[in-house]
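An overview of the molecular structure
The residues making up each chain are set out below.
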Amino acid sequence: MCIFCDIVKGNIPAYKLYEDEDVLAFLDISQVTKGHTLIIPKKHYDNFLNCDEIILKKLTQTAQKLGNHIMKKTGANGMHLLSNANEAAGQSVPHVHLHLIPRWSAQDACVISFKESDKQDMEALHALLKMD
Ligand code: 5GP
Ligand code: ZN
């Protein structure tokens, strides 16, 4: 059973911020920062990699509108939009969701860091990954 499907069905309560026929947005139960919000489709897809593209577009459109709304209402100075796909990327609930995480400063409880790992052969990587 999927907990986010249960929230859509009303079996688990949630602090809903926005709802339409396809999309639901609600406060994350663990508030990384004040206003941390999840945006999900009402229909179950595992993650953004296999989500219907029209639905994914609706999720991102909602993220933009709601992101601006949360910025205004909380007085945040910045905002993350992120979505984890699969356990290796930290996904703990296997129902696609976009996180909106308001930011005030680098001292917030939210830590997202980009560290450089092994040097890559950029020519080979480009040849491998460029889309035809
Ligand atoms: P993930 O780790 O999959 O990217 O994010 C899952 C998020 O769902 C976590 O931030 C977690 O706090 C949130 N979450 C898990 N269970 C519930 C729940 O029952 N209600 C709400 N509102 N959020 C939940
Ligand atoms: Zn689900």
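Residues numbered from 1 in each chain as written. Chains lettered and ligands numbered in written order. Predicted model: local features only at pLDDT ≥ 70, side-chain atom pairs only at ≥ 80, totals over all residues. Heavy atoms only, no water.

The number of helices and strands found in the protein chain is 3 helices and 5 strands. In the protein chain, the succession of helices and strands from N to C terminus is α-β-β-β-α-β-β-α. Principal-axis analysis of the C-alpha atoms gives the protein chain an extent of 50 × 35 × 25 Å. Relative to its full complement of 132 residues, the protein chain shows a buried share of 34%. When contacts within the protein chain are restricted to residue pairs at least 6 apart in sequence, long-range pairs at least 24 apart make up 54% of them. Approximately 9,100 Å² of the protein chain is accessible, and the part contributed by carbon and sulfur atoms is 55%. Both charge centroids of the protein chain, one from 14 positive and one from 16 negative side chains, sit 9 Å from each other. (Helix = DSSP H or I, 4+ residues; strand = E, 2+ residues; numbered from the N terminus. Buried < 20%, exposed > 50% of the residue type's maximum accessible area, 1.4 Å probe, protein only. Contact = heavy atoms within 4.5 Å. Areas by Shrake-Rupley, 256 points an atom, 1.4 Å probe, with all protein chains shown as cover. Lys, Arg positive; Asp, Glu negative; His and termini not counted. Charge placed at Lys NZ, Arg CZ, Asp CG, Glu CD.)

Turning our attention to the site of ligand 1. Lining the immediate surroundings of ligand 1 are 16 residues, of which Asp28, Ser30, Asn84, Ser92 and His99 lie closest. Surface burial for ligand 1 is 83%, taken as the share of its 520 Å² of free accessible area covered by protein chains. Ranked by residue count, the leading element in the shell around ligand 1 is helix H1 (residues 3-9), at 3 residues. Split by residue class, the shell around ligand 1 holds 8 nonpolar, 7 polar and 1 charged. (Near = heavy atom within 4 Å. Nonpolar A, V, L, I, M, F, W, Y, C, P; charged D, E, K, R; others polar.)

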